[in-house]
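Notes for the structure review
As a plain string of letters, each chain reads:
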Amino acid sequence: ARQDRRDHAVFEPARAEADRRRHRLAADLPSALDNGEIVAYYQPLYRLADRAVIGAEALARWQRPGGPLLGPPDFITLAEHTGLIRPLGRHVLERACRQAARWRRAGHDLMVSVNLSPLQLSEPTLPADVADILHRAGLPPGNLQLEITESVALDDGYAALRRLADLGVRLAMDDFGTGYSSLSLLSKLPISTVKLAAEFLAEPAVLRHTIALCHALDLTVTAEGIETAEQEALLRSLGCDTGQGYHFGRPSPADSRGCVAGCGFHVA
Ligand code: C2E
Ligand code: MG
Ligand code: MG
Ligand code: MG
């Protein structure tokens, strides 16, 4: 009991401080979006067979003026609770499509992959919005991949996914294996790619069989969180199609030197 009291004395102020910080961030997020403080970083996506860069995943970052760069864990859940994820997600999608169009004009036919929140998918106008964003960016639909999560698939997002797929946009199941994974979803949904959660890398037997299953269903397999040359070699030997991770390149701003990190070109 005494140990309990001491733990509370230590943890409660820390939790209160974390709550205050969350409230501050929630209050600041709408104007941050208006002020262009929400930006996209890009992590390169590699084809494992020949190590060619075939695209990049756009990942939201919050650059507060004079503050540290914040990552999604600091604000995506907040944005989902307040509904701000809709304009935020749209903002990232617009930026990513414009960026991919810029790469394309510079001669790099890359795919850009954008995370979609379940709330975005539940908007009836989403497919039309995506078509409009692509059109205005001048990006062919096939150069865009949208990443959904297993939870999206459980809801009634099916019709929206179908319409997005009909546009020619590619759909990927993100973080496969972390949630309420249902193998039957993989054949029911109009997805073309499965992104395996990094946790799979620690389970070579599961990895091998999951890749084989995906290939049997005609799905492309992307591995996430590749951090070592050994993991890269294992994945290649198992026939995994594409991969991303710190071993290849960290997420970085599109206009930084060496972006899309490691692919050897620079597009301002
Ligand atoms: P995710 O879509 O699964 O993205 C991959 C995450 O893994 C990213 O974290 C990336 O920085 C990180 N990562 C990449 N390579 C490695 C590696 O080798 N090792 C490790 N340990 N991590 C690696 P990040 O950028 O913090 O994003 C976290 C999550 O936030 C994303 O997971 C995605 O679910 C969500 N997110 C990010 N941007 C957006 C967005 O624009 N909209 C929505 N709805 N969600 C987003
Ligand atoms: Mg993702
Ligand atoms: Mg995720
Ligand atoms: Mg993922």
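Residues numbered from 1 in each chain as written. Chains lettered and ligands numbered in written order. Predicted model: local features only at pLDDT ≥ 70, side-chain atom pairs only at ≥ 80, totals over all residues. Heavy atoms only, no water.

Concerning the overall build of the protein
Test applied: Helix numbers and strand numbers start at the N terminus; a helix is a DSSP run of H or I with at least 4 residues, a strand a run of E with at least 2. Whether a residue is buried, partly exposed or exposed follows from its accessible area with a 1.4 Å probe, protein chains only, as a fraction of its type maximum: under 20%, in between, or over 50%, in that order. Note on areas: these come from Shrake-Rupley sampling with a 1.4 Å probe, and a residue is covered only by the protein chains present in the view.
A count of helical and extended segments in the protein gives 10 helices and 10 strands. Buried residues in the protein amount to 44% of all 268 residues. With the model as given, the accessible surface of the protein reaches about 13200 Å², and the carbon-plus-sulfur share is 52%.

Some thoughts on the coordination of the magnesium ion (ligand 2)
Operational definition: Coordinating donors are taken to be N, O and S atoms lying within 2.8 Å of the metal, or within 3.2 Å when the metal is Na, K or Ca; because water is excluded from the atom set, some sites may appear incomplete.
Around the magnesium ion (ligand 2), the protein contributes the donor atoms Glu57 (OE), Asn115 (OD1), Glu147 (OE) and Asp174 (OD), which lie 1.9 to 2.3 Å from the metal centre. Linear spacing of the donor residues for the magnesium ion (ligand 2) on their chain is E-x57-N-x31-E-x26-D. Between the magnesium ion (ligand 2) and the magnesium ion (ligand 3) there is a metal-metal distance of 4.9 Å. Of this pair, Glu57 sits in strand β2 (residues 52-63) while Asn115 is found in strand β4 (residues 111-115), placing the two residues 58 residues apart along the sequence.

Some details on the confidence of the model for the protein
Quick note on the threshold: The pLDDT score gives, residue by residue, the confidence of the prediction method on a 0 to 100 scale.
Looking at the protein, pLDDT values average 89 and 88% of them are 70 or higher. Scored by ipTM, the complex comes to 0.98, with pTM at 0.92.

Side note on the site of ligand 1
The cut-off we apply is this: A cutoff of 4 Å decides nearness: a residue is near a molecule or strand if any of its heavy atoms lies inside that distance of it. Think of a polar contact as two N or O atoms within 3.5 Å of one another; within protein, one of them needs to be a possible hydrogen donor and the other a possible acceptor, and neighboring residues in sequence only count if both atoms come from side chains. For cavity detection a 1 Å grid was placed over the protein atoms alone, and a set of points counts as a cavity when a 1.4 Å probe fits there but cannot get out; an open set counts as a pocket when protein lies on both sides within 12 Å along at least five of seven lines, with lining residues being those that have an atom within 4 Å of a point. Just a note on the criterion: a molecule sits in a pocket or cavity if more than half of its atoms are within 2 Å of the grid points. Residues are grouped as follows: nonpolar covers Ala, Val, Leu, Ile, Met, Phe, Trp, Tyr, Cys and Pro; charged covers Asp, Glu, Lys and Arg; every other residue, Gly included, is treated as polar.
Taken together, 22 residues surround ligand 1, and among them Arg61, Asn115, Asp174, Glu227 and Tyr246 come closest. Here Gln43 contributes a side-chain N or O atom positioned 3.0 Å from a nitrogen atom of ligand 1. For ligand 1, an oxygen atom lies 2.8 Å from a polar atom in the side chain of Asp174. For ligand 1, whose accessible area on its own is 810 Å², the fraction buried by protein is 77%. If you map ligand 1 onto the pockets, it falls in the largest pocket. Elements that contribute at least two residues to the shell around ligand 1 include exactly β2, α2 (72-82), α3 (85-105) and β6 (170-176). Of all the elements, β2 adds the most residues to the shell around ligand 1, at 4 residues. When its residues are assigned to classes, the shell around ligand 1 shows 10 nonpolar, 5 polar and 7 charged.

Concerning the layout of surface pockets
Threshold: Grid points are joined across faces, edges and corners, and a volume is the space filled by probe spheres set on the points.
Volume-wise, the largest pocket comes out at about 1000 Å³. Along the wall of the largest pocket there are 39 residues; nearest its centre are Glu57, Leu59, Asn115, Asp174 and Asp175. Looking at the lining of the largest pocket, the elements with two or more residues in it are β2, α2, α3, β4, α4 (118-121), α6 (150-154) and β6. Partitioning the lining of the largest pocket into residue classes produces 17 nonpolar, 12 polar and 10 charged.

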